[in-house]
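The primary structure of each chain is shown beneath.
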Amino acid sequence: MTGRARITSLDTNVTPSTAELRTLFNGRVIVPGDPAYDKARTVFYGGIDRRPAAIVRVADAGDVSRLVSLARENGLVLAVRSGGHSAAGHSSTDGGVVLDVSSLKALDIDARNRTAWAETGLTAGEYTHAANTYGLATGFGDTGTVGIGGLTLGGGVGYLVRKYGLTIDDLLAAEIVTADGQLRHVDAETHPDLFWAVRGGGGNFGVATRFQFRLHEVATIFGGMLVLPASPTTIASFIAEAEAAPDELSTIANVMTAPPMPFLPAEVHGKPVIMAMLVYTGAVEAGEGAVAPFRVLATPYVDMLHPMSYPEIYQEEQGEYHPVAAGRTMFVDSIDLSAAETILDHLTASTGSMAVAQLRVLGGAMAQVPADATAFAHRAARIMVNVAALYEKLDEKPVHEAWVTNFAAALHQENNGVYVNFLGDEGQERLRNAYPGETWKRLAAIKARYDPTNLFRLNQNIPPAQEIK
Ligand SMILES: Cc1cc2nc3c(=O)[nH]c(=O)nc-3n(C[C@H](O)[C@H](O)[C@H](O)COP(=O)(O)OP(=O)(O)OC[C@H]3O[C@@H](n4cnc5c(N)ncnc54)[C@H](O)[C@@H]3O)c2cc1C
């Protein structure tokens, strides 16, 4: 293909030809018309159907640097993609260029020192499986297909959150190509401002090519799935038990109408359930003790809690699964009987193909880090709630958006904070709530230093300080 790629340019008319692009990069350049194009432009969420002018699957940090410079010099619209799970659709673009790091999958584990250098195209599942061969783990999120790129830069809340904190609490260093095209090593001593910013500030500061993580001894865990009938009492009690549990136990409670899944008895399908995931990191007997109170909240529909290797917690990947979703995220201080009733009422009223309220009790190691130590400021948040409706017909979007908006308003308590990685395209006020007060000011100042023209703007964007009126 030799034609000119019609790349959307912010302020110039320069349009590099496809042939020019192909000579520039070691990695693959995919453009409209290529057989691989449709698959390559597909992101996790359905309903996001953007058509980039080119997707560059970078092969190394040199490619990243060249593409960043090309984009800066020619005013190209640039999207950065790792695992493609952005709910806001930030990792694709209509007419711009996608810098896709998904081929960067090197993982260098130093088992003796319990550290790993991981390229940012790895998914949480890939990293977790590889680290487990050494009996080691770093905590990511609840889903194996999520990219460690986006997840880490936003914070990272997962199954080890109460025991070992956020993913960024295990981030020791990063390599990042900033807007000037330079590959920089950042850690607590080198560019400490940038190191602070990339721990929670998202993709605003450059393209991360590698992360160095701390690893923990987590060979086996006690946990898995527990499905309980959902009533106001079981929901509120579940949360009370999760708060009272030792830090070794992290839980995710999905309150939902039971889907027709093969592991659920047919008579349960359609009933309100708590489909919970529990992970206890420590000795098996202690784990059994820690999950015991959950098992007796009601007679479980399904009890799959058992000792397992840690990666088993990531369920089978579902191939081409691209749900369309409306979602809202928030933090709350408590889930009492009345909040639990609100949850059940709203779930019942949803007309989506699936509706869920996901409740994650936080605290533990995550709360022990000072709020200003990283760009993730919500250390004191007690419970994260994500409400979502999945649906099939795109024209039903207004109905499901209204439903999540009302649901979130009904559950809202004092905390206006937001975890940036679960934020959709929800406007400036919500984004400011992800980075309250001084955090925003500090991030905007660092952005002005490293990305003064806001090249990295297709993200939960923090404009450089001088742009703020
Ligand atoms: C099914 C599902 C489950 C999830 N579960 C959890 C969870 O348990 N815990 C949790 O914390 N989060 C969770 N998330 C949210 C997830 O962390 C964010 O959506 C995250 O941004 C996804 O990262 P990604 O690399 O897959 O996405 P992408 O869409 O590829 O990237 C998202 C954004 O991150 C930035 N980015 C990505 N890679 C790089 C890079 N290498 N350099 C610079 N910027 C980059 C870009 O701005 C990009 O727009 C979940 C999301 C989904 C869809």
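Each chain carries its own residue numbering, running from 1 in the direction its sequence is written. A pLDDT threshold of at least 70 governs which residues receive local features in this predicted model, and a stricter bar of 80 or more applies before side-chain atom pairs are shown or counted, although totals over entire chains, interfaces and linings include all residues. Here the side-chain values reflect all heavy atoms present in the structure, with hydrogen atoms and water set aside.

What to know about the overall build of the protein chain
Right, on to step 1. Helix and strand definitions follow DSSP, with helices as H or I runs of at least four residues and strands as E runs of at least two, each counted in order from the N terminus. Along the backbone of the protein chain there are 13 helices and 19 strands.
Right, on to step 2. The dimensions of the protein chain, computed from C-alpha atoms along their principal axes, are 65 × 55 × 45 Å.
Right, on to step 3. Accessible surface for the protein chain amounts to roughly 18,900 Å². Of this, 51% is attributable to carbon and sulfur atoms.
Right, on to step 4. Positive and negative side-chain charges of the protein chain, numbering 37 and 51 respectively, have mean locations separated by a distance of 6 Å. Methods summary: accessible areas were calculated by the Shrake-Rupley approach with a probe of 1.4 Å, and residue burial reflects only the protein chains presented. In this charge count, Lys and Arg are treated as positive and Asp and Glu as negative; neither His nor the chain ends contribute. Positions of charges follow a simple convention, taking NZ of Lys, CZ of Arg, CG of Asp or CD of Glu.

Points about the pattern of salt bridges
Right, on to step 1. A pair is scored as a salt bridge if a Lys or Arg side-chain nitrogen falls within 4 Å of a carboxyl oxygen belonging to Asp or Glu. Taken as a whole, this structure holds 23 salt bridges when the rule is applied.
Right, on to step 2. Linking R66 and D63 is a salt bridge whose minimum nitrogen-to-oxygen distance equals 2.9 Å. Of the two residues, R66 and D63 both sit in helix α3 (residues 61–74), 3 residues apart, roughly one turn of that helix.
Right, on to step 3. Think of it in three bands: residues with accessible area under 20% of the maximum for their type are buried, residues over 50% are exposed, and the middle band is partly exposed, with areas taken using a 1.4 Å probe on protein chains only. The exposure class of R66 is partly exposed, given its relative accessible area of 32%.
Right, on to step 4. Looking at D63, the relative accessible area reads 0%, which means it is buried.
Right, on to step 5. Ionic pairing is found between E217 and R114, a salt bridge with its closest N-O pair at 2.5 Å. Here E217, found in strand β11 (residues 216–217), pairs with R114, found in the loop between β5 (107–110) and β6 (115–119); they are 103 residues apart in sequence, far enough to count as distant.
Right, on to step 6. On the basis of relative accessibility, which here comes to 55%, the residue E217 falls in the exposed class.
Right, on to step 7. Overlapping salt bridges, with partners in common, bring together D38, R41 and D49 in one network.

A look at unusual backbone geometry
Right, on to step 1. Here R114, not a glycine, exhibits a phi torsion of approximately 55°, which is positive.
Right, on to step 2. A positive phi angle, close to 60°, is found at N454, a residue other than glycine.
Right, on to step 3. Its location among the elements puts N454 in the segment after α13 (438–450).
Right, on to step 4. With a relative accessible area of 2%, N454 lands in the buried category.

A look at the side chain of K447
Right, on to step 1. Looking at the secondary structure, you find K447 in helix α13.
Right, on to step 2. Take K447: its relative accessible area is 0%, and that puts it in the buried class.
Right, on to step 3. Any pair of N or O atoms that falls within 3.5 Å is considered a polar contact. Within protein, one atom must be able to donate a hydrogen and the other to accept it, and sequence-neighbouring residues count only if both atoms are side-chain atoms. Polar contacts involving the side chain of K447 include one to the main-chain carbonyl oxygen of F456, which spans 2.8 Å.
Right, on to step 4. Discounting residues that sit within four places of it in the chain, K447 has contacts with N204, F205, P452, N454, F456, N461, I462, P463 and P464. Here, two residues are considered to be in contact whenever any of their heavy atoms come within 4.5 Å of each other.

Side note on the environment of T281
Right, on to step 1. Checked against the element boundaries, T281 lands in the loop between β14 (272–280) and α9 (284–295).
Right, on to step 2. Between the C-alpha atom of T281 and that of A219, which follows or precedes it by 62 residues, the distance is 8.8 Å.
Right, on to step 3. With residues up to four places along the chain from it excluded, the contact list for T281 reads L160, K163, V218, I221 and E248.

A short note on the pairing of strand β17 (residues 324–332)
The two faces of the sheet receive side chains in turn, since in a regular strand these alternate between them.
Right, on to step 1. Judged by how many residues are buried, β17 sits mostly within the fold: 7 of 9 residues are covered.
Right, on to step 2. At least two DSSP bridges between two strands are needed for those strands to be called paired. Pairing analysis gives 9 bridges linking β17 to strand β19 (residues 383–391), with the strands arranged antiparallel. Among the inter-strand pairings, T329 is bridged to a residue of β19, identified as N386.

What about the packing of aromatic side chains?
Right, on to step 1. Pairing of aromatic side chains requires ring centres within 6.5 Å, counting the rings of Phe and Tyr and the six-membered ring of Trp. Pairs whose planes differ by under 30 degrees are stacked, by over 60 edge-to-face, and all others tilted. Summed over all chains, the structure comprises 12 aromatic pairs.
Right, on to step 2. Centre to centre, the rings of Y127 and F213 are 5.6 Å apart; their planes meet at 85°, and the pair counts as edge-to-face. Of the two residues, Y127 sits in helix α4 (residues 124–132) while F213 sits in strand β10 (residues 207–214), which places them 86 residues apart along the sequence.
Right, on to step 3. Since its relative accessible area comes to 0%, F213 is described here as buried.
Right, on to step 4. Each ring, one from W403 and one from F407, has its centre 5.2 Å from the other, and the planes form 65°; the classification is edge-to-face. Residue W403 and its partner F407 are both found in helix α11 (residues 397–411); the two are separated by 4 residues, about one turn of the helix. Side by side, W403 and F407 carry an identical accessibility label, which is buried.
Right, on to step 5. Through successive ring pairs, a cluster of aromatic residues spans Y127, F140, F211 and F213.
Right, on to step 6. Throughout this description, the term charge over a ring refers to an Arg CZ or Lys NZ atom that lies within 6 Å of the ring centre and within 35 degrees of the ring normal. Positioned over the ring face of F195 is R199, at 3.8 Å from the centre of the ring.
Right, on to step 7. Over the face of the ring belonging to W196 we find R442, whose NZ or CZ atom lies 3.9 Å from the ring centre.

A short note on the sheet that holds strand β2 (residues 54–57)
Right, on to step 1. Within the open sheet, the 4 strands sit side by side as β1-β2-β4-β3. Their pairing is mixed. Each edge of the open sheet carries a strand with a single partner, namely β1 (28–30) and β3 (78–81). Within this sheet the neighbouring strands show an average axis-to-axis angle of 20°, counted without direction.
Right, on to step 2. Here β1 runs beside β2; their pairing, made up of 3 bridges, is antiparallel. Its bridge partner lying in β2, I30 is registered against I55.
Right, on to step 3. Under this scheme, a helix contributes an axis fitted over its contacting stretch, all axes are lines through C-alpha atoms, and angles between N-to-C directions fall in the 0 to 180 degree range. Sheet contacts for α3: β2, β3 and β4 (97–100); angle to β4, the most-contacted strand, approximately 160°.

Thoughts on the nonpolar core
Right, on to step 1. Residues enter a nonpolar core if they are buried and are Ala, Val, Leu, Ile, Met, Phe, Trp, Tyr or Cys, with the set joined through side-chain atoms within 4.5 Å. Of all hydrophobic cores here, the largest spans 63 residues; its most connected members are Y310 and I313.
Right, on to step 2. Judged by nonpolar contacts, the second largest core, of 44 residues, contains A230, A245, L249 and A389.

Brief notes about the site of the ligand
Right, on to step 1. One heavy atom within 4 Å of a molecule or strand is enough for the residue carrying it to be called near that molecule or strand. In the neighbourhood of the ligand, 33 residues make up the surrounding shell, with S82, S91, D142, V157 and Y419 lying closest.
Right, on to step 2. Within the backbone of A208, a nitrogen or oxygen atom sits 2.9 Å from a nitrogen atom of the ligand.
Right, on to step 3. Take R360: an N or O atom from its side chain is 3.0 Å from an oxygen atom of the ligand.
Right, on to step 4. Within the complex, 93% of the 940 Å² of free accessible area of the ligand lies under protein.
Right, on to step 5. Among the elements of the structure, β3, α5 (148–154) and β10 are those that each provide at least two residues to the shell around the ligand.
Right, on to step 6. The residue inventory of the shell around the ligand, partitioned by class, reads 12 nonpolar, 18 polar and 3 charged. Three categories are distinguished: nonpolar for Ala, Val, Leu, Ile, Met, Phe, Trp, Tyr, Cys and Pro, charged for Asp, Glu, Lys and Arg, and polar for the others, with Gly belonging to the last.

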